[in-house]
Amino acid sequence: MSDTLRSVGEAMISLRGVTKAYRRGRDTVPVLKGVDLVVQRGEFVALMGPSGSGKTTLLNLMGGLDGPGAGELVVSGLHLERLSPAELSRWRAAHVGFVFQAYNLLESATAWRNVELPLLLTRLSARERARHVETALGLVGLQERARHRPLELSGGQQQRVAIARALVADAPLLLCDEPTGDLDRETGDQVLSLLQQLQREQGKTIVMVTHDPLAAAFADRTVRLDKGVIVSGAEPTAPATLRMAASRPVSAPRLAVGG
Ligand SMILES: Nc1ncnc2c1ncn2[C@@H]1O[C@H](COP(=O)(O)OP(=O)(O)OP(=O)(O)O)[C@@H](O)[C@H]1O
Ligand SMILES: [Mg+2]
């Protein structure tokens, strides 16, 4: 393991002075203007803010999909800003599950194949991959739908396939960008309850972007972003150990990490 891959620190996410700018023509547009944020392991955090405030940009940085302009970006004990692109993608495959608003499912592939996809980047055997896929589909309650393609599934079912795909590598961190944005209240609440269950029973750390205060109520804490800076909720409110003691015991099956 190289030095940059050695783990440091306690929090799941610790950002200090993180900036990000995009180039638009000849101009550079600052999007994140010095973000400080701590997310404890096992926390469920809602990230809110007006459209264009930088929520998706911030989520992508936390998941190593993009690099910051400046600042420290420590996730799962690693300084992401110091990793090479190859190290970053290897790290991402094992540590982060993404749930995108638009589901991003392959239409030509069955639910089963969609969920298996991230595992093709690992060294798991076909048999091991199958075991992971079955477990992930079981966690979202979709085993019987495994052979259906996305267009044969409802919006809520498609989002559950996307969540199963985010879970299949048993990554400790789930990053969700408006996971209920396209769903009706009842279906959305089912998805939110599922995320809450994954936090409580599997110890997942979850950061969820949402515009909906009712969705944010499923989280432990709301972080508010406005014009590229955090305006409230940057620090955890209670130590993770207190929340762990209050949460329900583990009952759902766990995926074994491999590959
Ligand atoms: N790849 C990019 N290139 C140039 N500008 C970008 C890029 N991605 C985002 N931006 C700009 O950065 C700003 C923040 O975008 P971001 O997608 O992070 O906002 P957001 O808070 O997620 O908004 P929404 O709630 O609408 O999804 C916007 O002004 C957007 O136009
Ligand atoms: Mg966005």
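For every chain, the first residue of the written sequence is number 1, and numbering continues from 1 onward in sequence order. For naming, the first written chain is A and the first written ligand is 1, with later ones following in the order written. Local features in this predicted model are restricted to residues of pLDDT 70 or higher, and side-chain atom pairs are both shown and tallied only at a pLDDT of 80 or more, whereas totals for entire chains, interfaces and linings draw on every residue.

Along the chain, the regular secondary structure elements total eight helices and 10 strands. Put simply, a residue is buried when 20 or more other C-beta atoms lie within 10 Å of its own C-beta and exposed when 12 or fewer do; between those, it is partly exposed, and each C-beta is set from the backbone. Evaluated residue by residue, the chain yields a buried proportion of 41% over its 259 residues. A separation of at least 24 residues holds for 74% of the contacts in the chain among residues at least 6 apart in sequence. The numbering of helices and of strands both runs from the N terminus, where a helix is a DSSP run of H or I of at least 4 residues and a strand a run of E of at least 2. Residue pairs qualify as contacts under a 7 Å threshold applied to their C-beta atoms, which are placed from the backbone.

What follows deals with the site of ligand 1. Only the C-beta atom matters for this test: placed from the backbone, it must lie within 6 Å of a molecule or strand for the residue to be near it. All residues adjacent to ligand 1 are Y22, R24, V31, G49, S51, G52, S53, G54, K55, T56 and T57. When residues of the shell around ligand 1 are traced back to their parent elements, those giving at least two are β1 (13-24) and α1 (55-62). Classes in brief: Ala, Val, Leu, Ile, Met, Phe, Trp, Tyr, Cys and Pro nonpolar; Asp, Glu, Lys and Arg charged; the others, Gly included, polar. Class assignment of the residues belonging to the shell around ligand 1 gives a composition of two nonpolar, seven polar and two charged.

As a rule of thumb, soluble globular proteins bury nonpolar side chains together. Only buried Ala, Val, Leu, Ile, Met, Phe, Trp, Tyr and Cys residues enter a nonpolar core, and they are joined through C-beta atoms within 7 Å. Counting 69 residues, the largest nonpolar core has L47 and A164 as its most contacted members. Broken down by element, this core gets its largest block of residues, six residues, from helix α5 (residues 155-167). What L47 contacts, discounting residues up to four positions off in sequence, is K55, L58, V207, M208, V209, V223 and L225.

This paragraph deals with the pairing of strand β6 (residues 96-99). Residues V96 and F98 line one face of β6 and the alternating positions G97 and V99 line the opposite face, and both faces are buried. Relative to strand β7 (residues 173-177), β6 runs parallel, the two being bridged by four bridges. When the bridges of β7 are listed, F98 appears paired with L175. Paired strands, as defined in this entry, are two strands with at least two bridges between them according to DSSP.

The next point concerns the packing of α5 against helix α6 (residues 185-202). Angular values range over 0 to 180 degrees, each being the angle between N-to-C directions of two axes fitted as lines to C-alpha atoms, with helices fitted over their stretch in contact. With their axes 9 Å apart at the nearest point, α5 and α6 run at an angle of 20° to one another. As far as their axial angle goes, α6 and α5 are roughly parallel. Here the hand of the crossing between α5 and α6 comes out right-handed. Seen from α5, the contacting residues are G155, G156, Q159, R160 and I163; seen from α6, they are T187, Q190, V191 and L194. Within the contact of α5 with α6, the residues separate by chemical class into three nonpolar, five polar and one charged. Here the word oblique covers every angle except those under 35 degrees (roughly parallel), over 145 (roughly antiparallel) and from 65 to 115 (roughly perpendicular). In this scheme, a crossing is called left-handed if the near helix is turned counterclockwise away from the far one by less than a right angle; it is called right-handed if the turn is clockwise.

When you line up the elements, T180 lands in the loop between β7 and α6. Its 26 C-beta neighbours within 10 Å are what place T180 among the buried residues. Residues T180 and F100, spaced 80 residues apart in sequence, show a C-alpha to C-alpha distance of 9.8 Å. Once you skip the residues sitting within four places of it in the chain, T180 turns out to touch G188, V191, L192, T210, D212 and A215.

Another aspect to go through is the environment of A93. Tracing the backbone shows A93 in helix α2 (residues 85-95). Residues A93 and P118 lie 25 residues apart in sequence; the distance between their C-alpha atoms is 7.1 Å. In this structure A93 touches P118, L121, T122 and A169, once residues within four positions along its chain are discounted.

The mixed open sheet is built from six strands, whose spatial order is β6-β7-β8-β3-β9-β10. Among the strands making up the open sheet, the edge pair consists of β6 and β10 (229-232). Going across the sheet, the axis of each strand differs from the next one's by a mean of 25°, ignoring polarity. The pairing of β7 with strand β8 (residues 205-209) spans five bridges and is classified as parallel. For D177, the partnering residue across the bridge sits in β8 and is V209. Of the strands in this sheet, β3 (44-48), β7, β8 and β9 (221-226) touch α1, which is tilted by about 155° from β8. Here α6 sits on the sheet and contacts β3, β7 and β8; the angle it forms with β8, its principal contact strand, is near 155°.

With that settled, consider helix α4 (residues 126-139). Helix span is expected to be 1.5 Å times the residue number reduced by one. Taking 1.5 Å as the rise per residue, α4 with 14 residues should run 20 Å; its terminal C-alpha atoms sit 20 Å apart, in good agreement. Along α4, the residues that are buried comprise R129, H132, V133, T135, A136, L137 and L139. Those residues of α4 hidden inside the fold are in contact with α3 (111-116) and α5. G141 sits one or two positions beyond α4 and adopts a positive phi of about 70°.

Turning our attention to the pairing of strand β2 (residues 27-39). As paired strands, β1 and β2 are joined by 10 bridges and run antiparallel to one another. Opposite Y22, over in β2, you have V29 as the bridge partner. The turn joining β1 and β2, which pair antiparallel and follow one another in sequence, is formed by two residues; a positive phi near 65° is taken by G25.

Don't take any of this as a statement about function, it's just geometry.
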